[in-house]
Amino acid sequence: MREDSCDAVNRVDQQRLWQRHMEMARIGAIPNNGVNRAALSREDIAARRLLLAWARQRNFTVCVDGIGNLFLRRAGSDPNAAPVMTGSHMDSQPRGGRFDGIYGVLAGFEALEAMDEAGVRTRRPIEVVAWTNEEGGRFQPCTMGSMVFTGARPLADVLDVTDNDGITLRDALAETLAATPEATKREFKMPAAGYIEAHIEQGPLLENAGKTIGVVTGIQGLRWFNIEVFGKTDHAGTTPLALRKDALRDAIAIIDALRDLAHDPADATRFTVGRMLVTPNSPNSVASHVLFSVDLRHPDPKRIRGLGEAVGPLARKAAKFCDVKVTPSLHDDPCAFDANVIAAIEDAAKNLALPHLRLPSGASHDAMYMARVCPTGMIFVPCEKGISHNEAENAKPADLAAGARVLTAALIELANR
Ligand code: GLV
Ligand code: MN
Ligand code: MN
């Protein structure tokens, strides 16, 4: 390992990194150690303010783009060189944990602090990015910040999306942007020389194998849909079944049909309906309208395409009484990470004598979009029993620090190329 990398890696401070996680976890804290920090909420703003306060202490330059992605830059020696980027997200699931996303931001920040303290000079600048709305729990779809940053979709496409209370992303974003006036405005599609995202694994493979570092090879494909069923509300006690247009009854039939479509004895196909809005949502009124989400995942591009194409026709066929509208909201083909970035991460783990394993990611990440525009990779660390998107999500301070050390070494390597 390079001498400057050794110095910086030795400055990674497990205690400081853990304290920062616990400080962030207080923002949006819910019972049982959980976190509810929805994208572009008051809590998201508080997390941004805290991160900026830490950045100010280090004199890192702070920028923000039009969708609220925050960038903290540590300068390199070549002012014209494109930065190497690292980071993840600060928003959480409604009943999320203390590590999903925030770990990648704090591990990146720890890496920059460690470099600062070791007096490391890199040729390229290194930037920590906190992507806006990775989770998609409040505003759909997920991975929105990186999607817009990389130009995969224009900002205008998502501004009118509403949350469950009818608040538009446009309004929530304006409030969030106003809360960080010190950040310099920056354009989308800024060139990057590379991107490494650190994250908890959110699955059990590392823990079961007794490994500390996951060297991530890629991310499986993902498709999201909103399905709306249009019925008619009626009295639950008086309306004969034959006269009803019961939107919820048809929604259940559609979900059953889709579950059959996704049936896979190998358990490689993942099918989830996690969100449903029922109108008027009253026990003694027949449902007039149902909106529900469909999340489909598979590592094979052909299979995920085939499944996605079947959703619309199957949903319309399964509905017996009502009209159906199927709106695709996300189509991510599986992605493979860059061989050189994978090698840099693997070398760092080897040099630090950390037990490691190559593995694919079942969860989606902003790295999926960054992989379209620059050499990209990810580092996983174990989380307890693989539990995630749950208040019980947990990780060991030593594993978080180990991931931050690997990240530090790999970033220094890429930033000097
Ligand atoms: C990210 O949270 C995902 O849905 O995979
Ligand atoms: Mn995440
Ligand atoms: Mn998540």
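See the structure shown above.
Below or above, wherever it landed, is the structure these notes cover. Only a predicted model underlies this, so the values are computations on that prediction, with no experimental measurement involved.

From N to C terminus, the chain includes 12 helices and 17 strands. On C-alpha atoms alone, the chain measures out to a radius of gyration of 22 Å, which is about the 22 Å that the 2.2 N^0.38 rule sets for 417 residues. Overall size of the chain, expressed as C-alpha extent along the three principal axes, is 80 × 45 × 40 Å. For the chain, long-range pairs separated by at least 24 residues make up 80% of all intrachain contacts whose partners lie at least 6 apart in sequence. A total accessible area of about 16900 Å² is found for the chain, and carbon and sulfur atoms account for 50% of it. If the 48 positive side-chain charges of the chain are averaged to one point and the 52 negative ones to another, these points end up 1 Å apart.

A few words on the coordination of the manganese ion (ligand 2). Binding of the manganese ion (ligand 2) to the protein goes through H89 (NE2), D100 (OD) and H199 (NE2), at separations of 2.1 to 2.2 Å. All donors of the manganese ion (ligand 2) come from a single chain, and their spacing in sequence reads H-x10-D-x98-H. Here the manganese ion (ligand 2) and the manganese ion (ligand 3) are spaced 3.6 Å apart, and both take D100 as a donor. Placement of the pair is H89 in strand 5 (residues 84–89) and H199 in strand 8 (residues 194–200), with a sequence separation of 110 residues.

Bringing the pattern of salt bridges into the picture now. This model, assessed by the stated rule, comprises 26 salt bridges. Between E127 and R73 there is a salt bridge, with its nearest N and O atoms 2.8 Å apart. Of this pair, E127 sits in strand 6 (residues 126–131) while R73 sits in strand 4 (residues 70–74), and the two are 54 residues apart along the sequence. Take E127: its relative accessible area is 0%, and that puts it in the buried class. When the shortest N-O distance is used, the salt bridge between R74 and D116 registers 2.7 Å.

If you trace the backbone, H365 turns up in the loop between strand 16 (356–361) and helix 11 (367–370). Not counting residues up to four positions away in its chain, the partners in contact with H365 are E134, T143, E197, H199, Q202, I219, M378 and F380.

Below, the discussion takes up helix 2 (residues 14–25). Residues spaced three or four apart along an α-helix point in a common direction, a consequence of the helix completing one turn every 3.6 residues. Compared with an ideal rise of 1.5 Å per residue, which puts 12 residues at 16 Å, helix 2 spans 17 Å between its outermost C-alpha atoms and is within 8% of the ideal. Burial in helix 2 covers these residues: R16, L17, W18, R20, H21, M22, M24 and A25. Against the buried residues of helix 2 lie helix 1 (3–11), strand 1 (29–30), strand 2 (34–35), helix 3 (42–57), helix 4 (102–118) and helix 12 (397–415).

Let us look at the coordination of the manganese ion (ligand 3). In ideal tetrahedral geometry, four donors around a metal make angles of 109.5 degrees, whereas ideal octahedral geometry with six donors gives angles of 90 or 180 degrees. Bound to the manganese ion (ligand 3) on the protein side are D100 (OD), E135 (OE), E135 (OE) and H389 (NE2), at distances that span 2.1 to 2.4 Å. Mapped onto the sequence, the donors of the manganese ion (ligand 3) take the spacing D-x34-E-x253-H. What makes H389 partly exposed here is its relative accessible area of 43%.

Let us look at the site of ligand 1. Taken together, the neighbourhood of ligand 1 is formed by E134, E135, R297, A363, S364 and H389. E135 has a polar side-chain atom sitting 2.9 Å from an oxygen atom of ligand 1. Of the residues belonging to the shell around ligand 1, the class tally is 1 nonpolar, 2 polar and 3 charged.

Let's shift gears to helix 6 (residues 169–178). The set of residues buried in helix 6 consists of L169, A172, L173 and T176. Buried residues in helix 6, looked at end-on, bunch into an arc of 100°, giving them a common side. Residues of helix 6 that are exposed and point over 90 degrees away from its buried face: E175 and A178.

Inspection of the entire model under this criterion finds 7 aromatic pairs. On the numbers, 6.3 Å between centres and 85° between planes, the contact of F71 with W131 is edge-to-face. Of this pair, F71 sits in strand 4 while W131 sits in strand 6, and the two are 60 residues apart along the sequence. By the ring-pair criterion, three or more aromatic residues cluster together here, those being F71, W131, F149 and Y195. Stacked on the ring of W54, the Lys or Arg R20 has its end atom at 4.3 Å from the ring centre. Its end group placed over the ring of F71, R186 keeps NZ or CZ at 4.4 Å from the ring centre.

What follows concerns the packing of helix 8 (residues 247–261) against helix 9 (residues 301–318). Between helix 8 and helix 9, the least distance of the axes is 9 Å, while the angle of their chain directions is 150°. In terms of their interaxial angle, helix 8 and helix 9 are classed as roughly antiparallel. Once helix 8 is placed against helix 9, the crossing between them reads as right-handed. Together, D250, A253, I254, A257, L258 and L261 of helix 8 and R303, L307, A310, V311, L314, A315 and A318 of helix 9 make up the contact between the two elements.

Moving on to the pairing of strand 5. Across the 6 residues that make up strand 5, a large majority, 6, are buried. The pairing of strand 5 with strand 6 spans 6 bridges and is parallel. Within the sheet, the bridge partner assigned to T86 lies in strand 6 and is V128. As for the winding sense of the linkage, the β-α-β connection from strand 5 through helix 4 to strand 6 is right-handed. The pairing of strand 5 with strand 8 spans 3 bridges and is parallel. Bridging from a neighbouring strand, V84 pairs with G194 of strand 8.

Parameters at a glance
- Residues numbered from 1 in each chain as written.
- Chains lettered and ligands numbered in written order.
- Predicted model: local features only at pLDDT ≥ 70, side-chain atom pairs only at ≥ 80, totals over all residues.
- Heavy atoms only, no water.
- Helix = DSSP H or I, 4+ residues; strand = E, 2+ residues; numbered from the N terminus.
- Rg over C-alpha atoms; globule rule 2.2 N^0.38 Å.
- Contact = heavy atoms within 4.5 Å.
- Areas by Shrake-Rupley, 256 points an atom, 1.4 Å probe, with all protein chains shown as cover.
- Lys, Arg positive; Asp, Glu negative; His and termini not counted.
- Charge placed at Lys NZ, Arg CZ, Asp CG, Glu CD.
- Donors = N, O, S within 2.8 Å, 3.2 Å for Na, K, Ca; no water.
- Salt bridge = Lys/Arg side-chain N within 4 Å of Asp/Glu carboxyl O.
- Buried < 20%, exposed > 50% of the residue type's maximum accessible area, 1.4 Å probe, protein only.
- Expected span 1.5 Å × (residues − 1).
- Near = heavy atom within 4 Å.
- Polar contact = N/O pair within 3.5 Å; in protein donor to acceptor, adjacent residues only side chain to side chain.
- Nonpolar A, V, L, I, M, F, W, Y, C, P; charged D, E, K, R; others polar.
- Arc of directions from axis to C-beta.
- Phe/Tyr/Trp six-rings, centres within 6.5 Å; stacked < 30°, edge-to-face > 60°.
- Lys NZ or Arg CZ within 6 Å of the ring centre and 35° of its normal.
- Axes fitted to C-alpha atoms, helices over the stretch in contact; angles between N-to-C directions.
- Parallel < 35°, antiparallel > 145°, perpendicular 65-115°, else oblique.
- Left-handed = near helix turned anticlockwise from the far one by under 90°.
- Pairing = 2+ DSSP bridges.
- Right-handed = clockwise from strand over helix to strand, strands pointing away.

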